[in-house]
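# Inside the fold
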Amino acid sequence: MAQTNKTHNTLTNLELSIQISLSGLSFCVLDRSTTTILNLHSTNFKIKKSPTDLLDAVKHLFNTQASLQQSFTTITVIHVNDWSTLVPKPLFKEEFLADYLKFNTKILKTDFITFDEISQNDSANVYVPFTNVNNYIFDQFGTFTYKHFSTILIEQLLTFEKHNNTSKVYVNVSEYNFEIIAFNSGELLLYNTFEYQTKEDFIYYLLFTLEQLQLNPETVELVFLGEINEADTLYQIAYKYIRHVSFGNRMDTFAFNTQPKSNHSNFTLLKSL
């Protein structure tokens, strides 16, 4: 889906990445000439929004944030939802996008379906983007790049795990959802996303996934990414049941005007740059 922005915007060194979901928004502005993140902003909604209300929130963001009212050389929109599925490239045909998705998510005949290519493991990530937001961004700025957030997550973690010969499970945490990305000897075993309300929901899904993958909680490495720290109840309950628990690291080299909460927060947003 990669395309360049309007030609008149190429006079600036600024790059924008914006991540959108029904439960929140985040964005960052990078000055590529100094590799400095000038702005890093996150908003969590109190309740999940509808796609229509999400568009209103995006419009409000662009109307009220001065750092968004300028020109950018590139713009990346990251779509966060659970309307996605991975398909091995040898089984993939572009004319069957709806067929791949209908088995694990409810889609409408009017939904626009697209895909990202993940070259590291020769797969396609089929998904439904927030088309109304894409249309708004296009109207404001011209053509841009958009991806599903799981594409960025999987691509980056495949790179991290490329030379690893052990089993490792990453858990990316947000306020209402978390993703499990499991690897064995550098190969992707599983990607899945779960909704949770309590720490008991969380540990049930996590331990059940480990059991299904025949990964031993005594030996597997569990690595947290996203909005979580040692004081979090999710971390504490995971630490109770799983022996090896740690936090990941984005391993970026940006300077920051405002520091992120941690080295493992805003993972997909900052790794999209």
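Treat the numbers as computed from the prediction; the structure is a model and nothing was measured. (Residues numbered from 1 in each chain as written. Predicted model: local features only at pLDDT ≥ 70, side-chain atom pairs only at ≥ 80, totals over all residues. Heavy atoms only, no water.)

### Comments concerning the overall build of the protein
The cut-off we apply is this: A helix here means a DSSP run of H or I that spans at least four residues, while a strand means a run of E at least two residues long, and both kinds are numbered starting from the N terminus. Radius of gyration: C-alpha atoms only; globule rule: 2.2 Å multiplied by the number of residues to the exponent 0.38. Under the scheme applied here, a residue whose accessible area is under 20% of the maximum for its type counts as buried, over 50% as exposed, and between as partly exposed, the area being computed with a 1.4 Å probe on protein chains only. Residue contacts are counted whenever heavy atoms from the two residues lie within 4.5 Å of one another. We get accessible surface area from the Shrake-Rupley algorithm with a probe of 1.4 Å; when it comes to residues, only the shown protein chains can shield them. The positive count covers Lys and Arg only, the negative count covers Asp and Glu only, and His and the chain ends enter neither. Where a charge lies is defined by one atom per residue type, namely NZ (Lys), CZ (Arg), CG (Asp) and CD (Glu).
Each helix and strand counted, the protein has seven helices and 14 strands in total. Here the C-alpha atoms of the protein give a radius of gyration of 19 Å, agreeing with the 19 Å that 2.2 N^0.38 yields for 273 residues. Dimensions of the protein, computed from the C-alpha atoms along their principal axes, are close to 55 × 45 × 40 Å. Out of the 273 residues belonging to the protein, those deemed buried represent 50%. Within the protein, contacts between residues at least 6 apart in sequence are counted, and of these 59% link residues at least 24 apart. By element, 49% of the accessible surface of the protein is carried by carbon and sulfur atoms, the whole surface being about 13,900 Å². Across the protein, the centroid of the 20 positively charged side chains sits 2 Å from that of the 28 negatively charged ones.

### Things to note about the pattern of salt bridges
What counts is decided by this rule: Salt bridge, as used here, is a side-chain nitrogen of Lys or Arg placed within 4 Å of a carboxyl oxygen of Asp or Glu.
A complete count under the given rule lists ten salt bridges for this structure. Residue Lys261 pairs with Glu227 through a salt bridge whose shortest N-O separation is 3.7 Å. Of the two residues, Lys261 is situated in the loop between strand 14 (255–256) and helix 7 (267–271) and Glu227 in the loop between strand 12 (221–226) and helix 6 (233–241); the sequence distance between them amounts to 34 residues. Accessibility expressed as a relative area gives 75% for Lys261, which makes it exposed. Assessed through its relative accessible area of 34%, Glu227 is described here as partly exposed.

### A closer look at helix 4 (residues 149–161)
Our working definition: Each helix should span, by expectation, one fewer than its residue count multiplied by 1.5 Å.
The terminal C-alpha atoms of helix 4, which comprises 13 residues, lie 18 Å apart, in line with the 18 Å expected from a rise of 1.5 Å per residue. For helix 4, a buried count of ten out of 13 residues is recorded, marking the element as mostly surrounded by other parts of the structure. Every buried residue of helix 4 is accounted for by Phe149, Ser150, Thr151, Ile152, Leu153, Ile154, Glu155, Leu157, Leu158 and Glu161.

### Focus: the packing of aromatic side chains
Aromatic ring pairs are described here by two measures, namely the spacing of the ring centres and the angle between the planes. Applied cut-off: Between rings of Phe, Tyr and Trp, where Trp is taken as its six-membered ring, a pair exists when centres lie within 6.5 Å; planes separated by under 30 degrees are stacked, by over 60 edge-to-face, and by other angles tilted. Here, a charge over a ring means that NZ of Lys or CZ of Arg falls within 6 Å of the ring centre while also lying within 35 degrees of the ring normal.
Summed over the entire model, instances satisfying the criterion amount to 23 aromatic pairs. Plain terms: the ring middles of Phe178 and Phe194 are 5.3 Å apart, the flat faces sit at 20° to each other, and that makes the pair stacked. Of this pair, Phe178 sits in strand 10 (residues 177–184) while Phe194 sits in strand 11 (residues 187–195); the two residues are 16 residues apart in sequence, bridging distant segments of the chain. In this structure Phe178 comes out as buried when scored by relative accessible area, which is 0%. Here a set of aromatic residues connected by ring pairs shows up, and it is made of Phe178, Phe194, Tyr196, Phe202, Tyr204, Tyr205, Phe208, Phe224, Tyr235, Tyr239 and Phe247. Positioned above the aromatic ring of Phe45 is the side chain of Lys49, whose terminal nitrogen or guanidinium carbon lies 4.7 Å from the ring centre.

### Section: the sheet that holds strand 11
Let me state the cut-off plainly: We treat two strands as partners when DSSP finds at least two bridges between them. What counts as an axis is a line fitted to C-alpha atoms, over the stretch in contact for a helix, and the angles between N-to-C directions run from 0 to 180 degrees.
Strand order in the open sheet formed by five strands is 11-10-9-12-13, with mixed pairing between adjacent strands. Taken across any chain shown, the strands that pair with only one partner, and hence form the sheet edges, are strand 11 and strand 13 (244–247). Mean inter-strand twist for the sheet, computed between neighbouring axes without regard to direction, equals 20°. Looking at chain direction, strand 9 (residues 167–173) and strand 12 are connected through six bridges and run parallel. Bridge pairing links Lys168 to Glu221 in strand 12.

### Things to note about the sheet that holds strand 3 (residues 36–44)
Spatially, six strands are ordered 8-4-1-2-3-14 in an open sheet, and the strand pairing comes out mixed. A strand with exactly one partner marks an edge of an open sheet, and here the two such strands are strand 8 (145–148) and strand 14. Bridge count between strand 2 (residues 24–31) and strand 3: eight bridges; the pairing is antiparallel. Looking at strand 3, one finds that Leu25 is bridged to Thr43. Those strands touched by helix 3 (residues 131–141) are strand 1 (14–21), strand 4 (74–79) and strand 8, and its axis lies near 170° from that of strand 4. Sitting on the sheet, helix 4 is in contact with strand 4 and strand 8, with an inclination near 75° to strand 8.

### Side note on unusual backbone geometry
The phi dihedral of Ser185 is positive, around 50°, even though this residue is not glycine. Along the polypeptide, Ser185 turns up in the loop between strand 10 and strand 11. Judged by relative accessible area, Ser185 falls into the partly exposed class, the value being 39%.

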